[in-house]
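# Results of the structural survey
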Amino acid sequence: MDKAQQDALKKAAGIEAAKLIQNGMIAGLGTGSTVKFLVDELGRRVKEEGLEFTGVTTSRRTQEQAEGYGIKIVDIDDVDHIDITIDGADEVDKNFNGIKGGGAALLWEKIVAINSNQIVWIVDESKVVDTIGQFPLPVEVIPFGAGHVIKKLEAKGYQPTLRLDAEGKPVRTDENNYVVDLHLGRIEHPQDLAEDLITMVGVVEHGLFLNMVDKVIVGDPNGPRVMTNANK
């Protein structure tokens, strides 16, 4: 699939998901290429349909895009709940286990997600897999002592690499932390891995989002389809 086709599927999923946001809602707005199309469509609805809602964003770049459309964005601590959060995902399997953090926003994304009444992911069909792990699993790590954390991850056979930007400097999250990507290939026991990572000193958060999502809207060449999580 070329980029133009993939973008068309992402856009279709984003437009479909935008229908879920109604007047008066508090909505979590995720981060990434598919969410960009969602925010474009919400901006159009604000302008053309007079849609009024309050947004909480998972990154500064989504905030800037939304505010550019005149969407009201507030801090997560200024709301007592979030009605719905719509975000992308890097991979999702049939058990609704997902990997997120390709855009380095996983910590904020998880904080917004766990404070939401409903979580919806929008993806193109290439993100739906049998077993997660082909996409490198992002782990957010505090810079102090990061080299030692990477050594511990190496010793466990997790094949970590420190994520670098185009200039060869470590990528920094919105919280100014580093991102270490684990090249696992397949994650057969995501729950065990999640537990192992989160208890490691120096790790702030990992990109395993396990059985958290209520619905996945998949951009499909035949039109967007919805996967509904029966276990939620």
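Conventions and cut-offs
- Residues numbered from 1 in each chain as written.
- Predicted model: local features only at pLDDT ≥ 70, side-chain atom pairs only at ≥ 80, totals over all residues.
- Heavy atoms only, no water.
- UniProt positions renumbered as here; feature names shortened; annotations may be inferred.
- Pairing = 2+ DSSP bridges.
- Helix = DSSP H or I, 4+ residues; strand = E, 2+ residues; numbered from the N terminus.
- Axes fitted to C-alpha atoms, helices over the stretch in contact; angles between N-to-C directions.
- Salt bridge = Lys/Arg side-chain N within 4 Å of Asp/Glu carboxyl O.

Per an unreviewed UniProt entry, the protein chain carries the name Ribose-5-phosphate isomerase A and comes from Bifidobacterium pullorum subsp. saeculare. Looking at the Sequence similarities (unreviewed entry) heading of the UniProt record, one finds this comment for the protein chain: "Belongs to the ribose 5-phosphate isomerase family."

Turning to the sheet that holds strand S10 (residues 178–182), a few remarks are in order. As summarised here, the arrangement of the four strands in space is S9-S10-S8-S11, forming an open sheet in which the pairing is antiparallel. Two strands bound the open sheet, and with one partner strand each, they are strand S9 (160–162) and strand S11 (203–206). Sheet twist, expressed as the average angle between the axes of neighbouring strands with direction ignored, equals 30 degrees. As judged from the three bridges shared by strand S8 (residues 137–141) and S11, these two strands associate in the antiparallel manner. The residue bridging Glu140 from the neighbouring strand is Glu205, located in S11.

This brings us to the pattern of salt bridges. Enumeration according to the criterion identifies 17 salt bridges in this entry. Glu16 is the salt-bridge partner of Lys19, the closest N and O atoms lying 3.0 Å from each other. When the shortest N-O distance is used, the salt bridge between Lys156 and Asp196 registers 3.2 Å. Here the residue Lys156 occupies a position in the loop between helix H5 (146–155) and S9, and Asp196 occupies one in helix H6 (residues 190–198), the gap between them amounting to 40 residues.

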